[in-house]
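# Observations on chain architecture
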Amino acid sequence: MIKAIYCEKNPQRGMMKLTVTYPAAGGTEDIPDDILMARVAKGSQQAFAVLLHKYTDRYVRVALRYVGNVAEAEDITQEAFIRLWRLAPDWEGQQGRGAQLTTWLYRVVVNLSIDHLRRNKRLVYKEQPEQEDTAPDASGILEQKRQSRRIQQAVQELPDRQKTALILTFYEGLDDKQAADVMGIGVKALESLLVRARRQLRETLKQEIELLTGGRYEQAG
Amino acid sequence: MNRQDDKLDHVLSRWQIQSPDTSALRQDILSTIATLPQEPVTQSVWSALRDILNIRPAFLMAPGGGLAAVAVAGFVFGMTLQAGGYTGGEDWMFDPVYAEVAMATPEIITEGYLP
């Protein structure tokens, strides 16, 4: 794919010099999303493949935070990208209203994940029996897994909007404005959701925080 | 951010997710779209208006938004009556005596007097 074309006049020969540059291998990620979407709108599967390469991992990860299951997270991500493909001819209109591809994809993946949880009546956490491991640091690894599961469960127990605010800002690293755009709310409302989410998490993860701080943890007001 | 938040963040950061290998998923998606036609999305009048005016559903659900919506609906309904939507062009709504006469007779009343 051509990355850029430069055209300059050569004063000595009075001729135009044309320079065509190509991206280095793997450089397709530098191509802006709007250019890729313009090509996808014309039916380019290659451009769509570049978008998939750029973003699939990210959105599978987001869905995984909600549903906790790789196969279901992949189904959700697939559905989101198929929707993107179908509406691509209308994407210019979306762009005119200021929609960014990443924001749009976050919104669709989050909504599909929440719908999935509602349909399946939330995740049922079962304590899986841990397998015996004789490796020297096995107990440490098991404890890490248990701790990770407790944190996952605490986050999953948050109301949907608080959970989404936390996942987008803390785990996905979006700033407040971006996360608020994804959720279709104002920044103040997002901050309020985060405050409530943190308050609940400080309570439900009290034990983990005490372990971390050697029992000197006091609940913040 | 205070120290309590720092400690909470430290705990939350221990929820690690291993990114799965998504190469097979990408292939699945590409093979799916290869057989899928792209269709322009048709937009409803309401959603077009909502996008143009930047109205979010929460505005209408909030107490202030609901009151405003009821006020607008009441105003429109009242003006419809005044404009003759239900009275055949006669303005009797705010005159109870005249309204009583008007409703008691099958005759068409013009200018507030029986013919």
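Cut-offs applied
- Residues numbered from 1 in each chain as written.
- Chains lettered and ligands numbered in written order.
- Predicted model: local features only at pLDDT ≥ 70, side-chain atom pairs only at ≥ 80, totals over all residues.
- Heavy atoms only, no water.
- pLDDT = per-residue confidence, 0-100.
- Helix = DSSP H or I, 4+ residues; strand = E, 2+ residues; numbered from the N terminus.
- Salt bridge = Lys/Arg side-chain N within 4 Å of Asp/Glu carboxyl O.
- Buried < 20%, exposed > 50% of the residue type's maximum accessible area, 1.4 Å probe, protein only.
- 1 Å grid on protein atoms, 1.4 Å probe; cavity = no way out; pocket = protein on both sides within 12 Å on 5 of 7 lines; lining within 4 Å.
- Points joined across faces, edges and corners; volume = space filled by probe spheres on them.
- Nonpolar A, V, L, I, M, F, W, Y, C, P; charged D, E, K, R; others polar.
- Contact = heavy atoms within 4.5 Å.
- Buried area = accessible area lost by both parts, 1.4 Å probe.

All right, on to the confidence of the model for chain B then. Residue and element names in this part refer to chain B. With 57% of its residues at a pLDDT of at least 70, chain B reaches an overall mean of 73. Of all the helices and strands in chain B, helix H4 (residues 57-61) carries the lowest mean pLDDT, 61, while helix H2 (residues 23-34) carries the highest, 92. Both scores are given for the predicted complex: the pTM is 0.65, the ipTM 0.72.

Residue and element names in this part refer to chain A. Applying the stated rule across the entire model yields 8 salt bridges over all chains. In this structure, Asp-33 and Lys-54 form a salt bridge, with 2.7 Å as the shortest nitrogen-oxygen distance. You can see Asp-33 sitting in helix H1 (residues 33-41) and its partner Lys-54 sitting in helix H2 (residues 45-67), a full 21 residues away along the chain. Judged by its relative accessible area of 17%, Asp-33 is buried. Measuring nitrogen to oxygen at the nearest pair gives 2.9 Å for the salt bridge that ties Lys-177 to Asp-181. With Lys-177 and Asp-181 both in helix H8 (residues 176-183), this residue pair falls 4 residues apart, about one helical turn. Residue class for Asp-181 comes out partly exposed when judged on its relative accessible area of 33%. Linked through salt bridges whose partners overlap, the residues forming this network are Arg-118, Asp-160 and Lys-163.

What follows deals with the layout of surface pockets. Its boundaries defined by the atoms lining it, the second largest pocket holds a volume of some 510 Å³. Forming the boundary of the second largest pocket are 15 residues, of which Ser-148 of chain A together with Trp-15, Gln-16, Ile-17 and Gln-18 of chain B lie nearest the centre. At 6 residues, the largest contribution of residues to the lining of the second largest pocket is made by helix H6 (residues 138-156) of chain A. Its residues assigned to classes, the lining of the second largest pocket shows 4 nonpolar, 8 polar and 3 charged.

Moving on, we come to the side chain of Thr-103 of chain A. Its location among the elements puts Thr-103 of chain A in helix H5 (residues 101-119). Among all residues touching Thr-103 of chain A, those that are not within four sequence positions of it are Asp-181 and Val-182 of chain A.

A few words now on the interface of chain A and chain B. Contact with chain A, which involves 50 residues of that partner, is made by 35 residues of chain B. Buried area between chain A and chain B, both sides added, is near 3900 Å², and the carbon and sulfur share of it is 66%. Our count for the chain A to chain B interface comes out at 1 salt bridge. Salt-bridge contacts for Arg-198 of chain A lead to Asp-9 of chain B; the nearest nitrogen and oxygen are separated by 2.7 Å. Contributions of two or more residues to the side of chain A that touches chain B are made by H1, H2, helix H3 (70-87), H6, helix H7 (160-171), helix H9 (187-204) and helix H10 (206-213) of chain A. With 11 residues, H2 of chain A is the largest single contributor of residues to the side of chain A that touches chain B. For the side of chain A that touches chain B, a count of residues per class yields 26 nonpolar, 12 polar and 12 charged.

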